[in-house]
Amino acid sequence: MTDHIHLETFNFENLPLVVDVVAPLWFPPVGNDEFKRFNVEYIVRNNICENDYRFQLVDEDAHNEILSAAFFACKGDYSIVEKWFSSESQRFPKEWLSASGMSKAYLTMMDERTLSIMNDDDIKLTLFVSRKPGAGAQILEKCCEKLRTEGWKNLYLWTDCDCNWQWYIKHGFTLVQEDIYEPFSSEHQDYKTWIFKRKL
């Protein structure tokens, strides 16, 4: 990593930039453009816990441009997303918000499934976004180095067929569990989920 690229605490002013990256992948099937982006932000915020494990990689030579972001959680961590949701969701019809409920149910189930196989000295990668080619691998390695020095033993994550899950295999993760999530599956295609683990 070059001297002008630094790992630092995530700045919430950069949250819209994170949403920009994942929005095309996570748009719900209902609502207008404003609601679709709202629902994606809801998913992103669901993955950001109240802890000190929220990071961004920035390029000092490019006016501190954010290159990537990574968020982590250990057992007992929590998100305050529901307070934000209660306030921000009031401008949308209730029938649209059912999509948000489906997202929340899925996220909660997968988080609980992953946490159930973790030990107290393991940590979970909850969200991982790269805005520049190569910046994803950079922030992951830098974060793993930091977590290792703090005594965490293993890094877990879950992902699904809407994401580039093969990337994790190429970067030192091993498959722990594979499942099919029926509510998102169709008669033509199973919606697959995976849990991965990497020793720190």
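Residues numbered from 1 in each chain as written. Predicted model: local features only at pLDDT ≥ 70, side-chain atom pairs only at ≥ 80, totals over all residues. Heavy atoms only, no water.

## Details of the overall build of the protein
- For the protein, the count of helices and strands is six helices and seven strands.
- Ordered by position in the sequence, the α and β elements of the protein form the string β-α-α-β-β-α-α-β-α-β-α-β-β.
- Taking the principal axes of the C-alpha coordinates as reference, the protein spans close to 50 × 40 × 30 Å.
- Relative to its 200 residues, the protein shows a buried fraction of 45%.
- Once local pairs closer than 6 in sequence are excluded, the contacts in the protein between residues at least 24 apart make up 74%.
- Carbon and sulfur atoms make up 49% of the accessible area of the protein, which amounts to about 10600 Å² in all.
- Averaging the positions of the 22 positive and the 32 negative side-chain charges in the protein gives two centres separated by 3 Å. (Helix = DSSP H or I, 4+ residues; strand = E, 2+ residues; numbered from the N terminus. Buried < 20%, exposed > 50% of the residue type's maximum accessible area, 1.4 Å probe, protein only. Contact = heavy atoms within 4.5 Å. Areas by Shrake-Rupley, 256 points an atom, 1.4 Å probe, with all protein chains shown as cover. Lys, Arg positive; Asp, Glu negative; His and termini not counted. Charge placed at Lys NZ, Arg CZ, Asp CG, Glu CD.)

## Quick notes on the sheet that holds strand 1 (residues 5-9)
- Across the sheet, seven strands lie side by side as 1-2-3-4-5-7-6; this open sheet has mixed pairing. Since the sheet does not close on itself, it has two edges, and those belong to strand 1 and strand 6 (174-180), each with one partner. Shown here is a sheet whose adjacent strand axes are inclined to one another by a mean of 25°, direction ignored.
- Pairing geometry for strand 6 and strand 7 (residues 192-199), over six bridges, is antiparallel. Across the sheet, Leu175 pairs through a bridge with Phe196, a residue of strand 7.
- Packed onto the sheet, helix 1 (residues 15-26) meets strand 3 (65-73) and strand 4 (122-130) and runs at close to 85° relative to strand 4. (Pairing = 2+ DSSP bridges. Axes fitted to C-alpha atoms, helices over the stretch in contact; angles between N-to-C directions.)

## Considerations on the environment of Glu95
- Counting through the fold element by element, Glu95 comes out in helix 4 (residues 94-116).
- Overall, Glu95 belongs to the exposed group, its relative accessible area being 56%.

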